[in-house]
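# Architecture and fold: a report
One letter stands for each residue in the lines below.
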Amino acid sequence: MRVRGVAAGCTALALVAALGALAARHDWGDTLPTVPLVLARACAVTADGHVSLNAHQMANAATIAAVGIRQKMPEYAVVVALATAFQESKLENLTGGDRDSVGLFQQRPSQGWGTPEEIRDPRYASAKFYGALKKVRGWEDMRVTDAAQRVQRSAFPEAYEKWAEESEVLAKALLGKATGAVSCTVSGEPEVRGAAAASGLADGINADWGTVRSATAEPDGLTVDVQDDRDGWRYAHWLVSHATDHGVERVLFGGLEWEAEDGTWSPIAGVPAAGTNRVVAKVFD
C-alpha cells in the first residue's frame with residue numbers, strides 16, 4: 001500500500017519547487033495556485049491501508065464523502081470523487097489553477113460549473129461533481145480514472161488512477177466501515193472555543209450532511225444519536241476530520257475516545273465497545 005500526503009517540514013525553496021512541478025503537471029504555466037502553508041501531516045487514516053494528510057486535506061475529504069452520502073451516492077462514487085480531488089488539487093481548496101480553474105476539483109466558471117465563489121465552497125463543488133458523475137452512463141463499471149475523466153475532461157486522462165488506492169482507504173473510513181480509523185492531532189491554540197465552537201460545529205455538520213435531525217447542539221459540544229455502528233463512525237470520523245477548524249477537543253463513540261492532544265483513539269474504561277447509540281463531541285472551553 002502506498003502512503004501519500006503533503007510533505008512536512010518543507011523549506012520555502014522546496015515548496016516553490018513542489019508548486020512548480022504541480023503547475024507543470026496541470027499546465028498552469030507561470031501562474032501558481034495559492035495553497036495554505038499548513039504542511040504537517042496532522043491526520044492519519046488507517047483502513048486496510050494508510051494515508052497521511054494535513055488538517056485542511058482531511059476536512060475537505062470528509063466533506064466530499066459526507067456530500068456523497070447526502071446525495072445517496074454509492075461508495076464507488078466517493079472513491080472517484082476523492083481520487084479526482086487528489087489529482088486536481090491534492091485535496092486543497094485552491095484559489096487558482098489552469099486558466100480559470102478553482103477549488104477542490106479545479107472546476108471552471110467559464111465551463112458552467114458556477115461562480116468562482118460557489119466553486120470555492122467545498123460542499124457546492126462536491127455536489128456539482130457528483131451531479132455530473134450521475135450523468136455519465138455506466139460510470140459504476142468504469143475504472144476510477146475513466147469515470148473521473150468523463151467528468152473532468154483533463155489533458156491527463158490516466159492521472160486519476162494513481163490515487164485510487166488512497167481514495168479507497170479514505171472512503172472506507174469516512175463512510176463508517178472502519179473503527180477509529182481517522183486520527184488527527186490538533187496542535188496550537190484552537191481557532192474557536194466554547195459556545196461559538198459548538199454552534200459552528202452544529203452548523204458545519206448540518207451543512208455537510210444535510211439537516212441532521214438527531215444532532216443536538218450543547219454549550220460544550222454536540223451529540224448525535226445514531227442507528228448503528230456504521231452510522232456512528234461516519235459522524236465520529238467527520239468530527240475528528242473537522243477538529244482543527246471547529247475547535248473539537250474530544251470525540252466519544254463505540255467505547256472509544258479520541259483526544260486532540262495525542263490524536264489517537266483509546267478505550268474508555270468501563271464502557272463496552274458495542275451497543276452505543278450516541279456520538280459525543282466536546283469542544284475546547
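The paragraphs below set out a description of the structure included in this document.

What follows is about the packing of aromatic side chains. Considering all chains together, one arrives at seven aromatic pairs under this definition. Taking 5.0 Å as the distance between ring centres and 75° as the angle between the ring planes, the aromatic pair formed by Trp233 and Trp265 counts as edge-to-face. Remark: Trp265 occurs in strand E8 (residues 265–267) and Trp233 occurs in helix H9 (residues 229–241); sequence separation between them is 32 residues. Here the two residues Trp233 and Trp265 agree in accessibility, since each one is buried. Clustering of aromatic rings is evident, with ring pairs tying together Phe105, Phe129 and Tyr130.

Another point: helix H2 (residues 55–70). Here H2 is 16 residues long and its end C-alpha atoms lie 22 Å apart, about the 22 Å a rise of 1.5 Å per residue gives. For H2, the tally of buried residues reaches 14 of 16 residues, placing the bulk of the element in the interior. If you check the start of H2, you find a side-chain oxygen 3.0 Å away from the backbone N of His56, and it comes from Asn54. Following H2 by one or two positions, Lys72 has its phi on the positive side, about 60°.

The subject of this paragraph is the state of the cysteines. Tallying each qualifying case throughout the model produces one disulfide. Here Cys43 engages in a disulfide with Cys184; their sulfurs sit 2.1 Å apart. Taking the torsion about the sulfur-sulfur bond, which here is approximately 115°, the covalent link between Cys43 and Cys184 counts as right-handed. Residue Cys43 is located in strand E1 (residues 43–46), and its partner Cys184 is located in strand E3 (residues 182–184); the two are separated by 141 residues in the primary sequence. Judged on exposure class, the residue Cys43 and its partner Cys184 are both buried.

This next bit is on the pattern of salt bridges. What the rule picks out here adds up to ten salt bridges. Arg123 serves as the salt-bridge partner of Asp208, at 2.4 Å between the closest nitrogen and oxygen. Of the two residues, Asp208 is situated in helix H8 (residues 194–209) and Arg123 in helix H5 (residues 122–134); the sequence distance between them amounts to 85 residues. For Asp208, a relative accessible area of 0% translates into the label buried. Overall, Arg123 belongs to the partly exposed group, its relative accessible area being 27%.

Our focus in this paragraph is the sheet that holds E3. With antiparallel pairing, three strands are arranged side by side in an open sheet as E2-E1-E3. The open sheet has two free edges, formed respectively by strand E2 (50–53) and E3, since each of these has just one partner strand. Taking the axes of each pair of neighbouring strands and ignoring which way they run, one obtains an average angle of 15° across the sheet. Of the strand pairs in this sheet, E1 and E3 are connected by three bridges, and their pairing is antiparallel. Its bridge partner lying in E3, Ala44 is registered against Ser183. Set on the sheet, helix H7 (residues 164–174) makes contact with E1, E2 and E3; between it and E2 the angle comes to about 85°.

It is worth spelling out the packing of H8 against H9 at this point. Their axes nearest at 12 Å, the elements H8 and H9 cross at an angle of 125°. With respect to their mutual orientation, H8 and H9 come out oblique. Our pair here, H8 against H9, has a crossing hand that is right-handed. For the pair H8 and H9, the contacting residues are Leu201, Gly204, Ile205, Asp208 and Trp209 in the first and Arg234, Tyr235, Trp238 and Leu239 in the second. Here the contact of H8 with H9 is built from residues that sort into six nonpolar, one polar and two charged.

A few words now on the sheet that holds strand E7 (residues 256–259). An order of E4-E5-E9-E6-E7-E8 is seen for the six strands of this open sheet, with the pairing classed as antiparallel. Each of the sheet's edge strands pairs with one partner strand only, and the pair in question is strand E4 (215–218) and E8. Each strand of the sheet is rotated relative to its neighbour by a mean of 20°, with strand direction disregarded. Docked against the sheet, H9 engages strand E5 (221–225), strand E6 (248–253), E7, E8 and strand E9 (278–283), running at close to 170° with respect to E6.

Scoring rules and cut-offs
- Residues numbered from 1 in each chain as written.
- Predicted model: local features only at pLDDT ≥ 70, side-chain atom pairs only at ≥ 80, totals over all residues.
- Heavy atoms only, no water.
- Phe/Tyr/Trp six-rings, centres within 6.5 Å; stacked < 30°, edge-to-face > 60°.
- Helix = DSSP H or I, 4+ residues; strand = E, 2+ residues; numbered from the N terminus.
- Buried < 20%, exposed > 50% of the residue type's maximum accessible area, 1.4 Å probe, protein only.
- Expected span 1.5 Å × (residues − 1).
- Polar contact = N/O pair within 3.5 Å; in protein donor to acceptor, adjacent residues only side chain to side chain.
- Disulfide = S-S within 2.5 Å.
- Salt bridge = Lys/Arg side-chain N within 4 Å of Asp/Glu carboxyl O.
- Pairing = 2+ DSSP bridges.
- Axes fitted to C-alpha atoms, helices over the stretch in contact; angles between N-to-C directions.
- Contact = heavy atoms within 4.5 Å.
- Parallel < 35°, antiparallel > 145°, perpendicular 65-115°, else oblique.
- Left-handed = near helix turned anticlockwise from the far one by under 90°.
- Nonpolar A, V, L, I, M, F, W, Y, C, P; charged D, E, K, R; others polar.

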